[in-house]
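As a plain string of letters, each chain reads:
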Amino acid sequence: MLQQDQILEFQALLLAWYRSAKRDLPWRRSRDPYAIWVSEIMLQQTRVAAAIPYYERFLDRFPDFAALAIAPESELLAHWAGLGYYYRARNLQKAARSIVEKGNFPSTYADIRSLPGVGNYTAAAVASIGFDLPHAVLDGNVFRVVSRVMNDFTDISLTGGKLHFAEIAGRLLNRDCPGEHNQAMMELGATVCLPRNPQCLVCPINGLCAAKAAGAQQDLPVKSKAVRTLEEHRTVFWIEQQGRVLLWQRDAASRLMPGFWELPEAEQIGQPDVIATLGSFRHSITFHSYRFEVIRAATPGGTGPCRWLGVDEIAKLPLSTTARKARRIVAKAGILHSVAAAP
Ligand code: SF4
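All of these numbers come straight from a predicted model, not from anything done at the bench. (Residues numbered from 1 in each chain as written. Predicted model: local features only at pLDDT ≥ 70, side-chain atom pairs only at ≥ 80, totals over all residues. Heavy atoms only, no water.)

Q: Help me understand the site of the ligand in this model?
A: Taken together, Arg-148, Cys-193, Pro-198, Cys-200, Cys-203, Ile-205, Asn-206, Cys-209, Lys-212 and Gln-217 make up the full set of residues adjacent to the ligand. Looking at side-chain class alone, the shell around the ligand contains 6 nonpolar, 2 polar and 2 charged residues. (Near = heavy atom within 4 Å. Nonpolar A, V, L, I, M, F, W, Y, C, P; charged D, E, K, R; others polar.)

Q: How should the pattern of salt bridges be read in this particular structure?
A: Proximity of charged atoms lets side chains of opposite charge pair with each other. Counted according to the given criterion, the structure contains 11 salt bridges. The salt bridge partner of Arg-29 is Asp-24, with a shortest N-O separation of 3.2 Å. On the basis of relative accessible area, Asp-24 is assigned to the exposed category, the value being 60%. Glu-75 is the salt-bridge partner of Arg-61, the closest N and O atoms lying 2.3 Å from each other. Residue Arg-61 is located in helix α3 (residues 48–61), and its partner Glu-75 is located in helix α5 (residues 73–80); the two are separated by 14 residues in the primary sequence. The class for Arg-61 is partly exposed, based on a relative accessible area of 30%. (Salt bridge = Lys/Arg side-chain N within 4 Å of Asp/Glu carboxyl O. Buried < 20%, exposed > 50% of the residue type's maximum accessible area, 1.4 Å probe, protein only. Helix = DSSP H or I, 4+ residues; strand = E, 2+ residues; numbered from the N terminus.)

Q: For this particular structure, what's the right way to read the packing of aromatic side chains?
A: For any two aromatic rings, the description comes down to two numbers: the centre-to-centre distance and the angle of the planes. Throughout the structure, instances matching the rule amount to 10 aromatic pairs. Seen from their ring centres, Tyr-34 and Trp-37 are 6.0 Å apart, and the 65° between their planes marks the pair as edge-to-face. Placement of both Tyr-34 and Trp-37 in helix α2 (residues 33–43) is noted, with a separation of 3 residues, approximately one turn of the helix. Given a relative accessible area of 2%, Tyr-34 falls into the buried group. For Trp-37, a relative accessible area of 1% translates into the label buried. Cluster of aromatic residues (ring-pair linked, three or more members): Tyr-34, Trp-37, Phe-65, Phe-105 and Phe-131. Across from the ring centre of Tyr-54, 5.0 Å away, lies the NZ or CZ of Arg-57, which sits over that ring. (Phe/Tyr/Trp six-rings, centres within 6.5 Å; stacked < 30°, edge-to-face > 60°. Lys NZ or Arg CZ within 6 Å of the ring centre and 35° of its normal.)

Q: I tried to follow the domain arrangement of the protein on my own but got confused; where do I start?
A: When the parts of a complex come together, some accessible area is lost, and that lost area is often taken as the interface size. If you check the domain split of the protein, you get domain 1 (4–219) and domain 2 (230–339). Look at where the C-alpha atoms of domain 1 and domain 2 centre, and you get two points 36 Å apart. Residue-level contacts link 8 residues of domain 1 with 12 residues of domain 2. Of the roughly 740 Å² buried between domain 1 and domain 2, counting both surfaces, carbon and sulfur atoms make up 62%. Among the residues of domain 1 in contact with domain 2, Tyr-85, Tyr-86 and Arg-90 are the three that bury the most area, contributing 52% of the side total. The tally of links from domain 1 across to domain 2 stands at 0 salt bridges. Taken together, the connections running from domain 1 to domain 2 amount to 2 residue pairs in polar contact (both at pLDDT 80 or more). Among the residues making up the side of domain 1 that touches domain 2, the classes are represented as 5 nonpolar, 2 polar and 1 charged. (Domains from an automatic or database assignment. Contact = heavy atoms within 4.5 Å. Buried area = accessible area lost by both parts, 1.4 Å probe. Polar contact = N/O pair within 3.5 Å; in protein donor to acceptor, adjacent residues only side chain to side chain.)

Q: Sorry if this is basic, but what is going on with α2 here?
A: The periodicity of an α-helix, 3.6 residues per turn, causes residues three or four places apart in sequence to face the same way. The buried fraction of α2 amounts to 10 of the 11 residues, a majority that puts the element mostly inside the structure. Taken residue by residue, α2 has Pro-33, Tyr-34, Ala-35, Ile-36, Trp-37, Val-38, Ser-39, Glu-40, Ile-41 and Met-42 as its buried positions. Tucked inside the fold, the buried residues of α2 contact α3, α4 (65–69), α5, α6 (87–102) and α8 (120–131). N-capping of α2 is provided by Asp-32, with a side-chain oxygen placed 3.0 Å from the backbone N of Tyr-34.

Q: What is the right way to look at the environment of Ile-285 in this model?
A: Within the element layout of this structure, Ile-285 appears in strand β4 (residues 274–285). Each C-alpha atom, one on Ile-285 and one on Arg-255, is 14 Å from the other, the two residues being 30 residues apart in sequence. Residues contacting Ile-285, with those up to four places away along its chain left out, are Tyr-85 and Tyr-290.

Q: I'm lost on unusual backbone geometry in this one. Help?
A: Glycine aside, residues mostly have negative phi angles, and peptide bonds mostly take the trans form. With an omega of 0°, the peptide bond running from Leu-220 to Pro-221 counts as cis. Inspection of the secondary structure puts Pro-221 in the loop between α12 (210–214) and β1 (230–241). Positive phi, normally seen in glycine, also occurs at Asp-132, with a value near 60°. Among the structural elements, Asp-132 can be located in the loop between α8 and α9 (140–150).

Q: Please explain the nonpolar core as it appears in this structure.
A: One broad rule of soluble globular proteins: the nonpolar side chains tend to lie buried together. Counting residues in each nonpolar core, the largest one holds 70 residues, and the members touching the most others are Phe-10, Tyr-34, Trp-37, Phe-58, Trp-80, Val-146 and Leu-172. Sorting elements by how many residues they give to this core places α2 first, with 7 residues. Ignoring sequence-local partners within four residues, the contact set of Val-146 consists of Phe-165, Ile-168, Ala-169, Leu-172 and Met-185. Membership of the second largest hydrophobic core comes to 21 residues, among which are Val-236, Phe-292, Val-311 and Ala-326. (Core = buried A, V, L, I, M, F, W, Y, C linked by side-chain atoms within 4.5 Å.)

Q: Can you walk me through the packing of α9 against helix α11 (residues 178–191) in this structure?
A: Two quantities define a packed helix pair, namely the angle between the axes and the distance from one axis to the other. Orientation of α9 relative to α11, taken along the N-to-C sense of each, is 85°, at an axis distance of 8 Å. Between α9 and α11, the angle falls in the class roughly perpendicular. Counted together, Asn-141, Val-142, Arg-144, Val-145 and Val-146 of α9 and Met-185, Met-186, Leu-188, Gly-189 and Ala-190 of α11 form the full contact between these two elements. Split by residue class, the contact of α9 with α11 holds 7 nonpolar, 2 polar and 1 charged. (Axes fitted to C-alpha atoms, helices over the stretch in contact; angles between N-to-C directions. Parallel < 35°, antiparallel > 145°, perpendicular 65-115°, else oblique.)

Shown next, in the form of C-alpha cells:
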C-alpha cells in the first residue's frame, strides 16, 4: 500500500491530469443528480460513444424525474430502443415515480442505493458526483487501475477480492473532491490504463505504479472465473402482405423486453414457405451469442400470436433490438420499400 504522502501525491497527479485531459462528455457538463443518474444507468452496458446521442435525446424529452415519472411507457421504451437491457429504462421510471412521491431526489448514499436498478457502483457515482459525498466507485476500469498501481494479484472475480479492492479504492479517494476523483480514476482506466495496451509512458501516475516498476501491467487484474459464451443459431421471418408485416408483441409481464415487438420465429408461426434468405446478424445478451438469419417468407397458414402492421406503423413502435437489426437487413434488401409501396 502507498504511504500517506504517496497517496496525496497520487491524488494530486491524477486530478491535475484529469482536469487537463478529460473528454468533453455531455453528462460531465452537469452536476444535476438526475442527469448523472440517467447517464450512469445508460453507461452500465453501453459504450460511451453509443450512449451520447441516447442521453441527449432522453434528457431533451425527460428533463427531470417528474417528466420521466409521467411518461407513457411506449414513449419511454422508444427512447431506449437500441440501447438494449430495457429493464434499465423501466427501473428508471419506477425510481422516478418513487422520487416524485417523496418530493426530492435522494441525497444520501443509502437512499440513492435504495432506488430500483441502483447498485453500489451507481450509488457511489451519483453520491460523489452529484452531492460530493466520499464514496469510491469500483467498476472494471477502477479495478484495473488499483490492482496495477498496487501490483496486487488478488482475484477480482471473488467476493473477497472485490471487498479488498473497494477498501483500497476508499483509501485512495480524494475526500476534497470525491466526484472528480472518481471520474478521474475511471477516465484513466478508459483512456490510458487500457486492458491490453496500457499507455504507461504518458500515464500521470507512472512514477507511483508498482505494476509498472515490476513489469507486471499485462498480468493484472487477476480474474479467475472464466466466462463461458453460449452460441445459438436462430431464424426470424419477414412476412409481408399488401403493405403490412407480421409481428408479435411480448407480454407486459415478460422478463425480457416486456411490451416490445418482435419478428416471428418458428415458435410463433411454424415453418412458412421460404422465399429468400436476406442476410444475418449477430446479437449478444450477457453470455449468449446469437446468430440470427433473416428469411423472407410467404404468408403462413396461421398467424399465431402475430398481428399485421403497416410499415409506417412499425417505425413508431418499440421494436426489440433484434427486430430493429432484422429490419435494417430487410431495408438493405429493398424489401421495405416494396412493402411500403404495395397497395
Ligand atoms: S503506469 Fe501503466 S499500468 Fe500503471 S496505472 Fe499507469 S497506465 Fe496503468
